[in-house]
Amino acid sequence: MGSYVLRRVLQMIPVFFGSTFLIFLMVYTLPGDPVAALFGDKAADPAVVANLKHKYYLDQPLWKQYLHYMGNLFQGDFGTSFTGRSVTDIMADAFPVTIRLALMAFAFELIVGLALGLVSGLRRGSVQDTLVLVLTLVVISIPVFVLAYIAQTIFATNLGWVTPTVQDSKDLSQLILPAIVLGSLSLAYVARLTRTSIGENLRADYMRTAVAKGLPRRTVITRHLLRNSLIPVVTFLGTDLGALMGGAIVTEGIFNVQGIGNVLYRAINQKEGPTVVGIVTVLVIVYLVASLIVDLLYAVLDPRIRYA
């Protein structure tokens, strides 16, 4: 196990550097001068522009900028935004909001998605199975921003249960509707993955053996069927946590949630390179760590899996 973890960590290093370099390359080779954009339509003093470019290391070749950035990153410095504020402080304000939103969406898709998939898988061909398939197909077919506007219209405008937009991003009750919208697409995939996996395992020899031994139905389902059926679902869920945080841009924008998605959207529009690279770098780390945890969970779910 220890050698496997070490090997996986070593594999993460080139992935981390490759991902961050591509992000850096894409952000800093975009057309337009981010320093000139700070002055808007006003004519900028060339000396001031040159001074700012030197301050942000923008007067250096791209590879030197990247090495300079990574050097600071390993010292815990994510740089300074063009507004003069530390990127670390910006992320410290926004990330807790997005983490809360992502965890609520994750819990929603995990609990409801698994329940729907379990019911649908155990009762294939029934009315419940058909309803789950139709419901998940509808959710998958509708873009998130359309789903968000539908949810706002029904629950805020017509029923008046919630406010159309979030007034206080620290209030968990106001994040419920955005979390449901954010997690709805993943919920549909979790339900379908669980249904398919359960259907395959129901026909496996070990399931027939468990039933033939006269084990209680609950034991057969929870200890044998569900445990083995969760492996592909755990793979999806592990990578989805990072996707929820990165994919919150649209949801946070529509519901006015002051999270990392909102900050990232504004930073892209304002060509705030340090902020964009800093946020995406943290998201890459989240993806890599989540992927490692998922791999380690395989052995817990299926004792037949051994790490060389």
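Treat the numbers as computed from the prediction; the structure is a model and nothing was measured.

Student: Describe the packing of aromatic side chains, listing the residues and the values that go with them.
Tutor: To describe a pair of aromatic rings, you give the distance between the ring centres and the angle between the ring planes. All chains considered together, the criterion is met by nine aromatic pairs. Summarising the aromatic geometry, the rings of Phe-21 and Tyr-66 are spaced 5.1 Å apart at their centres and angled 80° between planes, so their arrangement reads as edge-to-face. Pair noted here: Phe-21 is in helix 1 (residues 2-28) and Tyr-66 is in helix 4 (residues 62-73), with a separation of 45 residues, a long-range link. We classify Tyr-66 as buried; its relative accessible area is 8%. Taken together, the ring pairs in this structure connect Phe-21, Phe-24, Tyr-28, Tyr-66 and Tyr-69 into an aromatic cluster.

Student: I'd like to hear about the environment of Tyr-4, residue by residue, with values.
Tutor: Its location among the elements puts Tyr-4 in helix 1. Among the residues examined, Tyr-4 registers a relative accessible area of 12% and is labelled buried. C-alpha separation for the pair Tyr-4 and Leu-264, spaced 260 residues apart in sequence, amounts to 35 Å.

Student: Go over unusual backbone geometry, please, and point to the residues and values.
Tutor: Backbone phi values are negative for most residues with the exception of glycine, while trans is the configuration of most peptide bonds. Within the chain, Tyr-57 stands out as a residue other than glycine whose phi angle is a positive 65°. Inspection of the secondary structure assignment puts Tyr-57 in the loop between helix 3 (46-55) and helix 4. By relative accessible area, Tyr-57 is classed as partly exposed at 28%. For Asn-256, which is not a glycine, the phi torsion comes out positive at approximately 60°. Secondary-structure assignment places Asn-256 in the loop between helix 11 (248-255) and helix 12 (260-269).

Student: Break down the pattern of salt bridges for me, citing the residues and quoting the values.
Tutor: Here the structure, examined in full by the defined rule, presents three salt bridges. Notably, a salt bridge pairs Arg-195 with Asp-129, separated by 2.7 Å at the nearest N-O pair. Of this pair, Arg-195 sits in helix 8 (residues 176-202) while Asp-129 sits in helix 6 (residues 127-141); the two residues are 66 residues apart in sequence, bridging distant segments of the chain. For the pair Arg-195 and Asp-129, one class covers both residues: buried. Across the pair Arg-208 and Asp-205 runs a salt bridge, and its minimum N-O distance is 2.5 Å. Taken together, the positions of Arg-208 and Asp-205, both in helix 9 (residues 205-212) and three residues apart, correspond to about one turn of that helix.

Student: How would you summarise the packing of helix 9 against helix 10 (residues 217-246) if you had to cite specific residues and measurements?
Tutor: At a closest axis distance of 11 Å, the pairing of helix 9 and helix 10 adopts a crossing angle of 180°. As far as their axial angle goes, helix 10 and helix 9 are roughly antiparallel. Each of Tyr-206, Met-207, Ala-210 and Val-211 in helix 9 lies in contact with helix 10, whose residues at this interface are Val-220, His-224, Leu-225 and Asn-228.

Student: Can you break down the nonpolar core residue by residue, with the values?
Tutor: By size, the foremost hydrophobic cluster in this structure holds 46 residues, and its most contacted members are Met-91 and Phe-255. Not counting residues up to four positions away in its chain, the partners in contact with Phe-255 are Ala-148, Gln-152, Pro-164, Thr-165, Val-166, Leu-177, Pro-178 and Val-181. Counting residues in each nonpolar core, the second largest holds eight residues, with Ile-231, Val-233, Val-234 and Tyr-298 among its members.

What counts and how
Residues numbered from 1 in each chain as written. Predicted model: local features only at pLDDT ≥ 70, side-chain atom pairs only at ≥ 80, totals over all residues. Heavy atoms only, no water. Phe/Tyr/Trp six-rings, centres within 6.5 Å; stacked < 30°, edge-to-face > 60°. Helix = DSSP H or I, 4+ residues; strand = E, 2+ residues; numbered from the N terminus. Buried < 20%, exposed > 50% of the residue type's maximum accessible area, 1.4 Å probe, protein only. Salt bridge = Lys/Arg side-chain N within 4 Å of Asp/Glu carboxyl O. Axes fitted to C-alpha atoms, helices over the stretch in contact; angles between N-to-C directions. Parallel < 35°, antiparallel > 145°, perpendicular 65-115°, else oblique. Contact = heavy atoms within 4.5 Å. Core = buried A, V, L, I, M, F, W, Y, C linked by side-chain atoms within 4.5 Å.

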